[in-house]
Amino acid sequence: MERMDTLDAEFLHLEDGIAHMHIGAACLFADPPPSFDDIAGMIGAKLHLIPRYRQRVRPVPFELGRPLWIDDPHFNLEYHLRHTALPAPGDDAAFCRLIGRIMSQPLDRDRPLWETWFVEGLEGGHWALVPKIHHCMVDGIAGVALLRVLLDLEADTKVAVPEPWEPQPEPHGSAKVLDAWGGLANDVIAIARGLPRAIAHPADTIRSAVGTTRGLARFAGDLGTTPPLSIEGSIGPHRAWAQSSSSLDDVRAIRSVFAGTINDVVLAAVSGGYRELLLSRGEDPDRALVRSLVPVSTRHDDDRGGPGNRASALLYDLPVQIADPVQRLKVVHEQMTELKASHMAEAGEAVASIGNLAPPMVVGQLSRMIVRAIHRLPQRSVNTVTTNVPGPQFPLYCLGREMLEYRPFVPISHGVRVSTAILSYNGRLFFGITGDYATVPDVQVLASGTSAGIEQLRERAVTQLAKTRPGKSRSATTSPEMRG
C-alpha cells in the first residue's frame, strides 16, 4: 500500500463540484494524425512505466489515515482515452474553447484520476493530445517527466508490446488502518533520525529554525486582504482558456542585457499582461494590488520525475502599477531576490513535512470547512497563481510525429478567477491562461499581453545593444543573441 502525502491529499480535499483540481496540457503535433488505435497502443505499451495510471484513490476507514493508492481491479484503458475532432477550420480560437470545455469536467473519483483526449481537425492538418491529470498525482515537474515517459526521443521509435499486468487485491479496512498508523510511526522515526545531527550542529539548527520562523512570519504577514478587483472572487464550474508563446532565446537575451533570471523576465511580462487585462476591464492598474501565489519546486536532483507534489510557494505582488517594461523587470528582479532570501519557501516545505504528522481526520475536516466557508465568503488574500515549469529543450515525438507545441493548463480555485502557467519546450515559452468562464472569459487579453511584454523587452534590449555597439545596424544587433 502507498499513502498520499499531506500535500497530495490536500488537492483532493480542496476539490468540489466547482473547483476542479486537475492540471493538463495541449500538445500539438505535426501531421498526419495517427489512428485512435495507434494512440491506444502507444499508451498501453508504456503503462508499466507509470503504475499510478492504473491505481485509484481509496480512503482509509474513518479517515484514520491519508488516502491510499490501490490498483483498480476494473482498469480499462479505453475509458481513459477520448477521441474528438474540431469542425473546419479548426482554428486556435476553436481549439481553446475545446480545452476550456474539457477542463471544466471533473475526473471520475472511482477510477484512476487521468484521461487523455486525441483531437483531430486542427488547422494545417495538425492534431493534439490533451492529457488531464489530477493534481494529487503530479505537480508540474512530475507532469513534464510523465509526458517524457509517454513520448519518444526519436522519430522512428516502434511501439512495444504491452506487458502483462494483474491488479493487486485491495486490503481490508483494518489492514489499511494498521498500515496508516505504521506509516505515521515511520514518519516520526524519520524525523527523529535527524535529531542527532541537529544536536551535533546546534548553530546550524538554530539558524535554520530562525530562518523558517521568519519565513512563516513573512508568509502570514503577506496574506492581508487585497482591494477588490474583478479578477478575484467567486467562481463557477466552467473554464475559459487562452494561450500565447515567445522565444526562449529572446528571454535569455533580455536577461543578459538587463540582468535578472529567466523567471524574472517571465514575471515582468506576466505583470504587463495583467496590467493590460485590468485596463481592458476599465480598472486602474496604478491603484491595483495583484497578489500571486508562485509555486517553488522542492524536488532534489534524485527526484525530478517522481509522482506526487514536492513544492512550496512564495507570495508576490505583481508590479502591475509600472507601465515601463524595463523598469518593471528591474523591480521584479530586486523584489524576487529579496523574497527568495526571506526563507518563505523553506517555511512552506517545513509546514508540508510537519503536516504529514497531523491526524488525517483533522486535516480533512478542516480543509472541507475552509472550502465551505470560502463558498460563502471567497478569500481575498491571493488573486492569482503563476507557475513556471521547465520543460525539455529538445523535440519529443509521438508515433513518429514531432510535438510542435506544449501549452500548459493550471486550475483555478475559490477566490482565484485567473491563473497563469508557463512552460518551456524546445526553445519556446508557452503561456496557458485559465479563467472562470462566467466572470473572466477575456483571458486572451492576458495571454496576448504577456507575450507582448516579452516583445517589448526584446525591442528595448535591441535598442540597448545598439547603443553599446556604435555603427551596428538593427539587423546586426539582433544576431545572434536577439533572434526570435
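Residues numbered from 1 in each chain as written. Predicted model: local features only at pLDDT ≥ 70, side-chain atom pairs only at ≥ 80, totals over all residues. Heavy atoms only, no water.

**A word on the overall build of the chain**
Let me state the cut-off plainly: Starting at the N terminus, helices and strands are each numbered in turn, a helix being any DSSP run of H or I of at least four residues and a strand any DSSP run of E of at least two. Here the term buried applies to any residue with accessible area under 20% of the maximum for its type, exposed to any over 50%, and partly exposed to those in between, with areas from a 1.4 Å probe on protein chains only. Any two residues having at least one pair of non-hydrogen atoms within 4.5 Å are treated as being in contact. Accessible surface area values rest on a Shrake-Rupley calculation with a 1.4 Å probe, where residue burial reflects the displayed protein chains alone.
In terms of helices and strands, the chain carries 15 helices and 17 strands. Taking all 484 residues of the chain together, the buried fraction comes to 49%. In the chain, the proportion of contacts linking residues at least 24 apart, taken out of those at least 6 apart, comes to 80%. As presented, the chain carries roughly 21,700 Å² of accessible surface, and 57% of it is formed by carbon and sulfur atoms.

**What to know about the environment of Leu278**
Position of Leu278 relative to the elements: it lies in helix H10 (residues 262-280). The spacing of Leu278 and Val320 is 42 residues in sequence and 9.0 Å in space, taken between C-alpha atoms. Those residues in contact with Leu278 that lie beyond four places of it in its chain are Leu229, Ile231, Glu283, Pro285, Ala288, Val290 and Val320.

**Remarks on unusual backbone geometry**
Negative phi characterises most residues that are not glycine, and trans characterises most peptide bonds. The step from Asp31 to Pro32 runs through a cis peptide bond, and the omega angle for that step is 0°. Here the bond from Ala88 into Pro89 is cis, since omega is 10°, no more than 30 degrees from zero. By the secondary structure assignment, Pro89 is in the loop between strand E5 (81-85) and helix H4 (92-103). A positive phi angle, close to 75°, is found at Ala259, a residue other than glycine.

**Section: the side chain of Ser246**
Of note, Ser246 is situated in strand E9 (residues 239-247). Residue Ser246 is classed as buried on the basis of its relative accessible area, which comes to 6%. If sequence neighbours within four positions are ignored, Ser246 has contacts with Arg428, Leu429, Phe431, Ser451 and Ile454.

**Brief notes about the sheet that holds strand E3 (residues 55-58)**
Note the cut-off: The criterion for strand pairing is that DSSP finds at least two bridges linking the strands in question.
Spatial strand order, E1-E4-E3: 3 strands in an open sheet with antiparallel pairing. Here the strands that pair on one side only, and so sit at the sheet edges, are strand E1 (2-3) and E3. Relative to strand E4 (residues 68-71), E3 runs antiparallel, the two being bridged by 4 bridges. Each residue of the ladder has a partner; that of Arg56, found in E4, is Ile70.

**Regarding the nonpolar core**
Selection criterion: To define a nonpolar core, start from buried Ala, Val, Leu, Ile, Met, Phe, Trp, Tyr and Cys residues and group those joined through side-chain atoms within 4.5 Å.
Ranked by internal contacts, the top residues of the largest apolar core, which has 50 residues, are Ile43, Tyr53, Cys398, Met403 and Tyr406. For this core, the elements supplying multiple residues, two or more each, are helix H1 (6-13), strand E2 (22-29), helix H2 (36-44), strand E6 (114-120), strand E7 (127-134), helix H5 (140-150), strand E14 (401-409) and strand E16 (418-425). The greatest single-element share of this core, amounting to 6 residues, is contributed by H5. Not counting residues within four places of it along the chain, the set of residues in contact with Tyr406 comprises Ala25, Ala26, Cys27, Gly143, Val144, Leu147, Leu423, Tyr425 and Phe430. Among the nonpolar cores identified, the runner-up in size contains 43 residues, and Ile231, Leu267, Ala268 and Val270 belong to it.

**A word on the packing of aromatic side chains**
Rules: Classification of ring pairs rests on two measures: the distance between centres of Phe, Tyr or Trp rings, Trp counted by its six-membered ring, which must be within 6.5 Å, and the angle between planes, read as stacked under 30 degrees, edge-to-face over 60 and tilted in between. By definition here, charges over rings are those cases where NZ of Lys or CZ of Arg is within 6 Å of the ring centre and within 35 degrees of the ring normal.
Tallied over the entire structure, the rule returns 5 aromatic pairs. For the pair Phe29 and Trp127, a centre-to-centre distance of 4.5 Å together with 15° between the ring planes defines the contact as stacked. Taken together, the residues Phe29 in strand E2 and Trp127 in strand E7 connect sequence positions 98 residues apart. A relative accessible area of 0% means that Phe29 is categorised as buried. With a relative accessible area of 0%, Trp127 lands in the buried category. Between Phe75 and Trp165, the ring centres sit 6.2 Å apart and the planes meet at 75°, which makes this aromatic pair edge-to-face. Taken together, the residues span a long stretch of sequence, with Phe75 in the loop between E4 and helix H3 (77-80) and Trp165 in the loop between H5 and helix H6 (173-193) at a distance of 90 residues. On the basis of relative accessible area, Phe75 is assigned to the buried category, the value being 17%. Grouped by ring-pair contacts, the aromatic residues Phe29, Phe118 and Trp127 constitute a single cluster. Taking NZ or CZ as reference, Arg82 lies 5.1 Å from the ring centre of Tyr79, over its face. Above the ring of Tyr79, the side-chain terminus of Arg111 is found at 3.7 Å from the ring centroid.

**Remarks on empty space enclosed by the protein**
In plain terms, the rule: In this analysis the probe radius is 1.4 Å and the grid spacing 1 Å, with only protein atoms considered; a cavity is a set of points the probe fits into but cannot get out of, a pocket is an open set with protein on both sides within 12 Å along at least five of seven lines, and lining residues have an atom within 4 Å of a point. Grid points are joined across faces, edges and corners, and a volume is the space filled by probe spheres set on the points. Ten residue types, Ala, Val, Leu, Ile, Met, Phe, Trp, Tyr, Cys and Pro, are classed as nonpolar, four, Asp, Glu, Lys and Arg, as charged, and the remainder, Gly among them, as polar.
The final tally for this structure, using the stated rule, is 2 cavities of 30 Å³ or more. For the largest cavity, the calculated volume is near 70 Å³. Every residue along the wall of the largest cavity is listed here: Cys27, Met42, Ile43, Thr116, Leu129, Pro131, Leu147, Leu150 and Leu151. The set of elements that each furnish at least two residues to the lining of the largest cavity consists of H2, E7 and H5. For the lining of the largest cavity, the residue count by class is 8 nonpolar, 1 polar and no charged.

**What about the side chain of Ser419?**
To keep it simple, the criterion reads: Side-chain atoms alone can form a polar contact between residues adjacent in sequence; in general such a contact is a pair of N or O atoms within 3.5 Å, and within protein one must be able to donate a hydrogen while the other accepts it.
Tracing the backbone shows Ser419 in strand E16. A polar contact of 3.3 Å, which involves the side chain of Ser419, links it to the backbone oxygen of Val410. Setting aside residues no more than four positions away along its own chain, Ser419 makes contact with Tyr274, Thr384, Val385, Val410, Pro411, Ile412, Gly432, Ile433 and Thr434.

Interpretation in functional terms is not warranted from these geometric data alone.
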